[in-house]
Amino acid sequence: MFYSFRRNLLSMGTAVLLVLLLAAVPASADDEGCGTGGYEREHDHEKARRAVECGEVMPLADVLAAVSPHISGRIIEAEFEREDGIWVYELKYIDSRGYLVELYVDARTGRILKSEGGE
């Protein structure tokens with residue numbers, strides 16, 4: 001009888017622990033893919049929208065406002081991708097001399113990571 005009681009207590013303890021662990025997982029993680037990286041196979045605009053909704057990155061409009069003082073030209077293309085473990089907006093623009101410039105911007109902070117071209 002003691003063995004049966006101990007086994008039932010252990011089973012109940014395991015069940016309670018499982019319920020507590022499941023309760024600790026945010027509901028949005030499965031619904032929206034927040035923090036799971038499960039939406040990386042979507043198109044750029046869908047990835048960006050989801051990452052903005054999850055609070056992982058700044059909206060593109062905010063990033064453009066942050067970098068606009070540092071560029072001299074018209075943006076012709078924007079891409080959203082993960083590079084080296086961080087979300088990056090890759091902005092392509094034609095500078096005032098007519099050269100193509102690629103600007104890599106940290107999508108979370110709006111900080112310019114690097115610039116290529118424009119030579």
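Residues numbered from 1 in each chain as written. Predicted model: local features only at pLDDT ≥ 70, side-chain atom pairs only at ≥ 80, totals over all residues. Heavy atoms only, no water.

Focus: the packing of aromatic side chains
The following threshold applies: Two aromatic rings from Phe, Tyr or Trp, using only the six-membered ring of Trp, form a pair when their centres are within 6.5 Å; if the ring planes differ by under 30 degrees the pair is stacked, by over 60 it is edge-to-face, and anything between is tilted. Exposed residues in this analysis have more than 50% of their type's maximum accessible area, buried residues have under 20%, and partly exposed residues fall in between, with area computed by a 1.4 Å probe over protein chains only. A positively charged side chain is recorded as over a ring if its NZ (Lys) or CZ (Arg) lies within 6 Å of the ring centre. The angle to the ring normal must also be within 35 degrees.
Considering all chains together, one arrives at 2 aromatic pairs under this definition. Plain terms: the ring middles of Phe80 and Trp87 are 4.6 Å apart, the flat faces sit at 10° to each other, and that makes the pair stacked. Since its relative accessible area comes to 3%, Phe80 is described here as buried. Taking the relative accessible area as the measure of exposure, Trp87 reaches 5% and is therefore buried. With centroids separated by 5.1 Å and ring planes inclined at 50°, the aromatic side chains of Phe80 and Tyr89 adopt a geometry described as tilted. Pair check on accessibility: Phe80 and Tyr89 agree, each one buried. Of the aromatic side chains, those joined through ring pairs into one cluster are Phe80, Trp87 and Tyr89. The ring of Trp87 carries the charged tip of Arg82 above its face, separated from the ring centre by 4.3 Å. Sitting above the plane of the Tyr104 ring, Lys114 keeps its charged end 4.8 Å from the centroid.

Section: the environment of Glu79
Let me state the cut-off plainly: Helix numbering and strand numbering both begin at the N terminus, where a helix is a DSSP run of H or I of at least 4 residues and a strand a DSSP run of E of at least 2. The contact criterion used throughout is that any non-hydrogen atoms of two residues lie within 4.5 Å.
For Glu79, the location among the structural elements is in strand S1 (residues 73–83). Each C-alpha atom, one on Glu79 and one on Lys92, is 8.6 Å from the other, the two residues being 13 residues apart in sequence. Apart from residues no more than four positions distant in its own chain, Glu79 is found in contact with Asp44, Val88, Tyr89, Glu90 and Lys92.

Let's talk about a nonpolar patch on the surface
Heads up, the rule is: Exposure above 30% relative accessible area and the absence of a salt bridge qualify a residue for a patch, where like charges join within 9 Å and nonpolar side chains (Val, Leu, Ile, Met, Phe, Trp, Tyr) within 5 Å. Using the Shrake-Rupley algorithm and a 1.4 Å probe, accessible areas are obtained, with residue cover drawn only from the displayed protein chains. Note on definitions: salt bridges are taken to be side-chain nitrogens of Lys or Arg within 4 Å of carboxyl oxygens of Asp or Glu.
On the surface, Ile76, Ile94 and Leu100 cluster together into a nonpolar patch covering about 240 Å² of accessible area. With respect to the helices and strands, Leu100 occurs in strand S3 (residues 100–106). Look at Leu100 and you get partly exposed, because its relative accessible area is 41%.

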